[in-house]
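# Close look at the chain arrangement
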Amino acid sequence: MRVDFLIIGQGLAGTTLAWRLLQRGRSVLIVDRESGHSSSRIAAGLITPATGKRIAKSWRWADLFPHAVAFYRSRESELGDRFFHQRPALRLFIDAQEQAEYQRRSGGLLLGLVEPATDINAEWYDAPLGGFSMPDAARLDVPRYLDACRTYFRARDVYRTADLSPHDLELTATGVRVPALSIEAQTVVFCRGFDAGTDPWFGSIKFNAAKGEILTVRVPGLAENRVIHRGIWLAPIGDEVFRVGATYTWEPLDSHPTAEGRAEIESRLRAFLRLPFEVLDHHAAVRPVIDAGLPVLGRHPEYPQLAYFNGLGSKGSLLAPFFADQFAAHLCGTGEIDPEVNVRKALHRL
Ligand SMILES: Cc1cc2nc3c(=O)[nH]c(=O)nc-3n(C[C@H](O)[C@H](O)[C@H](O)COP(=O)(O)OP(=O)(O)OC[C@H]3O[C@@H](n4cnc5c(N)ncnc54)[C@H](O)[C@@H]3O)c2cc1C
């Protein structure tokens, strides 16, 4: 069997790139080892125009957000499923500094993207300083999106379960042979997330990865349908059940939930939620952050039959559709990659 593209990894990066290549009429095979602890399987999928303590405007928001909305909506139509929820998000001020930061930015860079919040339920939230609303916000139910795509791909023989190591790949003059799958691909694309140092071609790219822990909680009486941000976030998933998180830690980089992580999230939730809650579940994974947190994509400069799409960091849901489109165009010979995200930059930085 011959394919144009073999994609290793069916997380947000690999899945979204597969669609963009299929839409361009290319043949694709996507494989995943289905370990269950990948970043995409744990992610909350939140998308907001303003983020962080400094209430900074999200990088390239005006390009990325419309792209993400159009892409996920079109996948919902194609797959007959619902996994992209566009809904305003509410951010509560932690302190006077945040409030002042908001005042400074709301009339400038964030004009049209934020507005004062008028509907903060005082029986639910302890928010003496108030907050602001972000009308253009969304939540991608990432596991549901990935499962729906996997079912669709599998039915069309575009997906297989496999754990491929670099030893399984034999580079030839015209592509890559993969005896374990009995296939030959013109190009193999590595979409493996945080899996540092395990391939001889891109394995030396330096990650600045961050482990994140996340809880699932039940909050009886909390009829909230917006995502609430206050240092951490509280995201409704239905029937008084919410995801809440996430922590950022850098040692050790594994997917084990910890007692410290759980205690931190619980205490930060109690800092603003007046209602009692019960913890139902607890997960952890590693965000594939590379260097400054920008995506990294492109063909290998010496082995053009190998390509890389990674570095989606903590914003994979927003970044994946735009950059998968840009990358697919490039891989098909009809477009350029922005220099700031080109894999050459990450490789030259070594
Ligand atoms: C706690 C937490 C909260 C987050 N919250 C958000 C959020 O609110 N919003 C947001 O946009 N982003 C969020 N993120 C970040 C987001 O999850 C990532 O940006 C995104 O999931 C990265 O996707 P990826 O496909 O690059 O990597 P991954 O999801 O890690 O996917 C890589 C895939 O490759 C497969 N793989 C690896 N090696 C092999 C191999 N050798 N053979 C076969 N398969 C292989 C793995 O099984 C995996 O499925 C969060 C992440 C975490 C951990």
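Quantities reported herein were computed from a predicted structural model and do not represent experimental measurements. (Residues numbered from 1 in each chain as written. Predicted model: local features only at pLDDT ≥ 70, side-chain atom pairs only at ≥ 80, totals over all residues. Heavy atoms only, no water.)

### Structural notes on the site of the ligand
Lining the immediate surroundings of the ligand are 31 residues, of which Asp32, Ser39, Ser40, Leu164 and Gly313 lie closest. Arg192 places a polar side-chain atom, nitrogen or oxygen, 3.2 Å from a nitrogen atom of the ligand. Gly316 is positioned with one of its backbone polar atoms (N or O) 3.1 Å from an oxygen atom of the ligand. Against a free-state accessible area of 1000 Å², the protein chains account for coverage of 96% of the ligand. Elements represented by at least two residues in the shell around the ligand include exactly helix H1 (12-23), helix H2 (39-42), strand S19 (278-287) and helix H7 (316-331). (Near = heavy atom within 4 Å. Polar contact = N/O pair within 3.5 Å; in protein donor to acceptor, adjacent residues only side chain to side chain. Areas by Shrake-Rupley, 256 points an atom, 1.4 Å probe, with all protein chains shown as cover. Helix = DSSP H or I, 4+ residues; strand = E, 2+ residues; numbered from the N terminus.)

### Section: the pairing of strand S2 (residues 28-32)
Most of S2 sits inside the fold, with five of its five residues counted as buried. By the alternation rule, side chains of S2 split into Val28, Ile30 and Asp32 and Leu29 and Val31, which are all buried. When strand S1 (residues 2-8) meets S2, the two strands line up parallel, connected through four bridges. When the bridges of S2 are listed, Leu6 appears paired with Leu29. Each parallel crossover has a hand, and the one from S1 via H1 to S2 is right-handed. The pairing of S2 with strand S11 (residues 159-161) spans three bridges and is classified as parallel. By the bridge assignment for S11, Val31 is matched with Arg160. (Buried < 20%, exposed > 50% of the residue type's maximum accessible area, 1.4 Å probe, protein only. Pairing = 2+ DSSP bridges. Right-handed = clockwise from strand over helix to strand, strands pointing away.)

### Re the domain arrangement of the protein
Interface size is often expressed as the accessible area that is lost when the parts come together. Considered domain by domain, the protein is made up of domain 1 (2-42 + 143-206 + 292-348) and domain 2 (77-138 + 208-287). Of note, the centres of domain 1 and domain 2, computed from C-alpha atoms alone, are 30 Å apart. Between domain 1 and domain 2, the buried area comes to about 1200 Å², and carbon and sulfur atoms account for 69% of it. A per-residue breakdown of the area domain 1 buries against domain 2 is headed by Ile42, Arg144 and Phe194, which together make up 44% of the total. (Domains from an automatic or database assignment. Buried area = accessible area lost by both parts, 1.4 Å probe.)

### Notes on helix H5 (residues 142-155)
The first and last C-alpha atoms of H5 sit 20 Å apart over 14 residues, in line with the 20 Å expected at 1.5 Å per residue. Those residues of H5 lying buried are Val142, Tyr145, Leu146, Ala148, Cys149, Arg150, Tyr152 and Phe153. Taken from the residues just after H5, Asp157 is the one with a positive phi, measuring 65°. (Expected span 1.5 Å × (residues − 1).)

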